[in-house]
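Remarks on the overall topology
For reference, the chains in residue letters:
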Amino acid sequence: MTRGDSPEKELAAIKGTKDILPGEVESWQRLESVARRTFELYGYRELRAPIFEATELFEKGTGRTSDVVTKEMYTFTDKAGRSLTLRPEYTPSVVRAIIEHRLDLQPEPMRYYYMGPMFRYDKPQKGRYRQFHQVDVEVFGEKDAAVDAELIEMAHSLLARLNISATDTLVNSVGCRACRPAYGRALREAARKKMAVLCLDCQRKVETNPLRIFDCKLEACRRAAESFPLILDHLCEECREHFKALLGWLDLLRIRYRVEPRLVRGLDYYTKTTFEIVSGSLGAQNSLLGGGRYDDMMKDFGGPDICGTGFAMGMERVLSVAALAPEKRKVLYLAYLGEQAKKAGMELGRFFRRNDVECLIEFKDRGMKAHFGRANKLQAAWVLIVGEDELRKARFGLKEMATGRQVEGTREELLATLQGR
Ligand code: AMP
């Protein structure tokens, strides 16, 4: 390909995926380091699982009737004939890893975080991609509603560190296996009466998973859903107490929230607490993060009966509302003149980098004027001049580009100048 040609269309990035280029990647790195630091302050450790898993893991975990599993998975058969899936979410992988490595027998708290790409074959639009990135946190073995509240408080703390304000926190309880079936029946009965006004998708949900009707964005379905019974009126004693305790903790932490009784979230496994933090400055895809409790997943996978709770945050969405000032890099541009100076430059570069100075040498033989033109263009902080004279004296010229100030010295003396000593 010659310069100026555009790549062949079939070689372009796949629809719904994006390159994260230098210039933009710095904000991602900032987000990652702020998130990492925040989670570590609360006792979380990183757990990295593979990008693809057995398809069955998501069918069982995420749920056979969820949109994610029925419509959105990237599933393929490998050469050994196994059905594999690019993970559409992270929680089932963590649960699998805990069971596989018996992490529940370790003395450390089971608090894990992770950041990485997820894959869903959804219709791409602003804020919705086919490869997107999530920050994910999960806690296992802590039944107390206090941990759900602490998760929400930690999410707030993370968003504050990223200078994100103007968010709403929505909370709900979706009950458990004791109280949800009866509620499901009441809901199905009410939904059947509205069958005629529901979209085709929701008509199907009436039989498969009526709770999912609350997810539908269509006006007619939303209006119909307003008359449906609410889960909060059907909770069993245990779920009611848990929800009351959660709200109590949130009040204690002075976290503003709104109880949203139709918040069911897109995944099938939630029990008791569900929550979401939405941003006023995003359009249709306004959910920054969402999560909740999933007390049955581990047991359903054939593992120990250990409860779980957590949330996943969309990195693209957070970055689109975060005010992250780019960090100014301070680069030393090394301008060598001639073959000897090039060799000495290589050694000098090594010396400065070992002393933590970012040093750029482009191996394109240039004259002095071209070097300075290039250093200007790159907005280098300093230029180090290495010519034959300088080599003979083992003293080099250093120019500070912003002020034009020029000094001369040995490499050790110049290092001291660069380090502001
Ligand atoms: P979920 O895993 O569906 O509970 O989503 C958790 C968070 O991931 C959401 O609040 C979004 O911020 C983000 N998210 C989910 N799906 C997508 C997508 N297709 N593209 C971009 N972000 C997404």
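Residues numbered from 1 in each chain as written. Predicted model: local features only at pLDDT ≥ 70, side-chain atom pairs only at ≥ 80, totals over all residues. Heavy atoms only, no water.

Moving on to the packing of aromatic side chains. Aromatic ring pairs are described here by two measures, namely the spacing of the ring centres and the angle between the planes. Applying the stated criterion across every chain, the model contains 13 aromatic pairs. Relative to Tyr294, the ring of Phe140 has its centre 5.9 Å away and its plane inclined at 75°; by these criteria the two rings are edge-to-face. Residue Phe140 is found in strand E6 (residues 131-140), and its partner Tyr294 is found in the loop between strand E10 (287-293) and helix H10 (297-300); the two are separated by 154 residues along the sequence. Comparing Phe140 with Tyr294, the two get one shared label, buried. A connected cluster of aromatic rings, assembled from ring pairs, spans Tyr112, Phe140, Tyr269, Tyr270 and Tyr294. (Phe/Tyr/Trp six-rings, centres within 6.5 Å; stacked < 30°, edge-to-face > 60°. Helix = DSSP H or I, 4+ residues; strand = E, 2+ residues; numbered from the N terminus. Buried < 20%, exposed > 50% of the residue type's maximum accessible area, 1.4 Å probe, protein only.)

Moving on, we get to the sheet that holds strand E11 (residues 308-314). Strand-to-strand pairing in sheets goes through backbone hydrogen bonds, with the strands running parallel or antiparallel. Strand order in this open sheet of eight strands is E1-E5-E6-E11-E10-E9-E7-E8, and the pairing throughout is mixed. Single-partner strands in this sheet number two, and they are strand E1 (45-46) and strand E8 (258-259). Of the strand pairs in this sheet, strand E9 (residues 271-279) and E10 are connected by six bridges, and their pairing is antiparallel. Residue pairing for E10: Thr274 is matched across the bridge by Gly292. Along the sheet, helix H4 (residues 91-101) contacts strand E5 (111-119) and E6; its crossing angle with E6, the most-contacted strand, is approximately 45°. Sitting on the sheet, helix H9 (residues 237-252) touches strand E7 (167-173), E8, E9 and E10, and the angle it makes with E7 is about 155°. (Pairing = 2+ DSSP bridges. Contact = heavy atoms within 4.5 Å. Axes fitted to C-alpha atoms, helices over the stretch in contact; angles between N-to-C directions.)

Now for the packing of helix H5 (residues 145-161) against H9. At a minimum axis separation of 8 Å, H5 and H9 run at an interaxial angle of 45°. The orientation of H5 with respect to H9, classified from their angle, is oblique. For the pair H5 and H9, the sense of crossing is right-handed. The segment H5 lies against H9, with Ala145, Ala146, Asp148, Ala149 and Ile152 engaging His242, Ala245, Leu246, Trp249 and Leu250. Residues that form the contact of H5 with H9 fall into these classes: eight nonpolar, one polar and one charged. (Parallel < 35°, antiparallel > 145°, perpendicular 65-115°, else oblique. Left-handed = near helix turned anticlockwise from the far one by under 90°. Nonpolar A, V, L, I, M, F, W, Y, C, P; charged D, E, K, R; others polar.)

Okay, the site of the ligand next. The environment of the ligand is made up of 13 residues, and the closest members are Arg120, Tyr129, Arg265, Ser287 and Leu288. At 3.0 Å, a side-chain N or O of Gln134 approaches an oxygen atom of the ligand. A distance of 3.5 Å is found between an oxygen atom of the ligand and a backbone nitrogen or oxygen belonging to Leu289. Notes on the ligand: free accessible area 490 Å², of which the protein chains cover 92%. Looking at the shell around the ligand, the elements that each hand over two or more residues are E6, E10 and E11. (Near = heavy atom within 4 Å. Polar contact = N/O pair within 3.5 Å; in protein donor to acceptor, adjacent residues only side chain to side chain. Areas by Shrake-Rupley, 256 points an atom, 1.4 Å probe, with all protein chains shown as cover.)

Let's shift gears to the environment of Gly310. Structurally, Gly310 can be placed in strand E11. Given the relative accessible area of 4%, Gly310 is considered buried.

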